[in-house]
Amino acid sequence: MTQEEVEHLLENMDWEAKADPLWAEASKERLVAYADRVAAHRRHVRRWRLMLGPALAVALVALWWTQTTPLRVAIQATAQVPDSILLLQDTQKETSSPDLTESRLRQTWDNLIAMVTPGARRAAVTDARWDSATGLVRASVRGADGYILVDPRSKALVGVIGMNVPSDTQMQEPSIPIFVRLELARQIAMADPLIRESGRQAVAVSSLTVYRLQPTNRASSSSQQVASSGMLVAVRLQRAGETNPDLTAIVNTIEGRVVQIVNTIQLKGLVVSDFAGAYAVVDGQGT
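Residues numbered from 1 in each chain as written. Predicted model: local features only at pLDDT ≥ 70, side-chain atom pairs only at ≥ 80, totals over all residues. Heavy atoms only, no water.

S.K.: Break down the packing of aromatic side chains for me, citing the residues and quoting the values.
M.R.: What the rule picks out here adds up to one aromatic pair. Ring centres 6.1 Å apart and planes at 55 degrees place the aromatic pair Trp-64 and Trp-65 in the tilted group. Of the residues examined, Trp-64 reaches a relative accessible area of 30% and is grouped as partly exposed. Assessed through its relative accessible area of 49%, Trp-65 is described here as partly exposed. (Phe/Tyr/Trp six-rings, centres within 6.5 Å; stacked < 30°, edge-to-face > 60°. Buried < 20%, exposed > 50% of the residue type's maximum accessible area, 1.4 Å probe, protein only.)

Here it is, written out as structure tokens:
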């Protein structure tokens, strides 16, 4: 502290030297030391303010980026809404119900994320999050009691899941021998690049129940071939070292390809239609 600053401080404090010069000098030193501590504290506060401002801005941007990444991936994957999502939305109009397992705080957070994510208001998906069991992005479908699974690396849609079987569906019977279907489906699944890249193995194969949606008020398209239950087989996929299969590959044995890869939990069957694609059903009761 300069001499001028000391004199200015003493004047503002109405400090007067007493008769004892030793007391006056000690009092002056204590006063100057206190003023130095206050000045140092103010400098620290000013420095922290300058540091915390940009740090807080960076943290907010990072939080926004990480929290909106799943939704942005889902929006990109559904930029051109596939037929399977259109079918899910159409058949779930009468059976759609709110997700009662979501807390009010979670719903508020999802709405906030959608509000600050570009394109969310016009997208087919409403909210999205990472599915820890599969490593995929799981996103709810607007206007439907169902969700989709998206591969975050390829930004590709790998599963469209509905929670209920539509009321205007009927179950179809297998049309080709069961063993031939299952073994062929296993080979097709293990040759799929996405499955090989994930490092999973086919640990179980089963016949997949297929429901055919009966169009009521719209004309069916004869140009699209309707899949039969004999074409479609469920192949359970499991990582090495784990005990339970986490994914199910739905294989079309006639076309020789994997139709979609979905979460294994409670997979019931697949609904097919001659006018708008197909989707998986995971509701255990099949209502």
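Here the narrative resumes, following the displayed structure.
S.K.: Quick rundown of the environment of Met-171? Include the residues and the values.
M.R.: Relative to the elements of secondary structure, Met-171 occurs in strand S5 (residues 169-171). Considering only alpha carbons, one finds Met-171 and Val-271, 100 residues apart in sequence, at a separation of 9.0 Å. Excluding residues that lie within four positions of it along the chain, Met-171 makes contacts with Thr-209, Val-210 and Tyr-211. (Helix = DSSP H or I, 4+ residues; strand = E, 2+ residues; numbered from the N terminus. Contact = heavy atoms within 4.5 Å.)

S.K.: Would you mind going over helix H5 (residues 178-191) in detail, with residue names and values included?
M.R.: Because an α-helix completes one turn every 3.6 residues, residues spaced three or four positions apart along the sequence face the same direction. For H5, spanning 14 residues, the distance from its first C-alpha to its last is 20 Å, which sits close to the expected 20 Å at 1.5 Å a residue. Considered for burial, the residues of H5 that qualify are Arg-181, Leu-182, Ala-185, Ile-188, Ala-189 and Met-190. Buried residues along H5 sit against helix H6 (193-198), strand S6 (200-207), strand S8 (232-239), strand S9 (247-252) and strand S10 (257-263). (Expected span 1.5 Å × (residues − 1).)

S.K.: Got a sec to walk through the nonpolar core? Specific residues and values, please.
M.R.: Of all hydrophobic cores here, the largest spans 30 residues; its most connected members are Leu-232 and Val-251. Elements with a contribution of two residues or more to this core: strand S3 (146-151), strand S4 (156-162), H5, S8, S9, S10 and strand S11 (269-272). The dominant element in this core, judged by the number of residues it contributes, is S8, at five residues. Ranked by size, the runner-up nonpolar core spans 28 residues in total, among them Leu-88, Ile-113, Ile-148 and Val-160. (Core = buried A, V, L, I, M, F, W, Y, C linked by side-chain atoms within 4.5 Å.)

S.K.: How would you sum up the pairing of strand S1 (residues 125-131)? Please name residues and give values.
M.R.: Working note: regular strand, side chains alternate between the two faces of the sheet. Relative to strand S2 (residues 136-141), S1 is paired through five bridges, and the arrangement is antiparallel. Directly across from Trp-130, in S2, lies its bridge partner Val-137. Here S1 folds back onto S2 in antiparallel fashion, the turn holding four residues, of which Gly-135 has a positive phi close to 75 degrees. (Pairing = 2+ DSSP bridges.)

S.K.: Tell me about the side chain of Asn-263, and name the residues and values.
M.R.: Position of Asn-263 among the secondary structure elements: in strand S10. Look at Asn-263 and you get buried, because its relative accessible area is 7%. A distance of 3.2 Å separates a polar atom in the side chain of Asn-263 from a polar atom in the side chain of Asp-131. With residues near it in sequence (within four places) discarded, Asn-263 still touches Asp-131, Thr-134, Tyr-147, Leu-149, Asp-246 and Leu-247. (Polar contact = N/O pair within 3.5 Å; in protein donor to acceptor, adjacent residues only side chain to side chain.)

S.K.: So what's going on with helix H4 (residues 104-116)? Residues and values would help.
M.R.: End to end, H4 covers 19 Å across 13 residues, agreeing with the expected 18 Å (1.5 Å per residue, within 8%). Among the residues of H4, those classed as buried are Asp-110, Ile-113 and Ala-114. The arc enclosing the buried residues of H4, seen along the axis, measures out at 100 degrees, which places them on a common side. Opposite the buried face of H4, by more than 90 degrees, sit the exposed residues Arg-104, Leu-105, Asn-111 and Met-115. (Arc of directions from axis to C-beta.)

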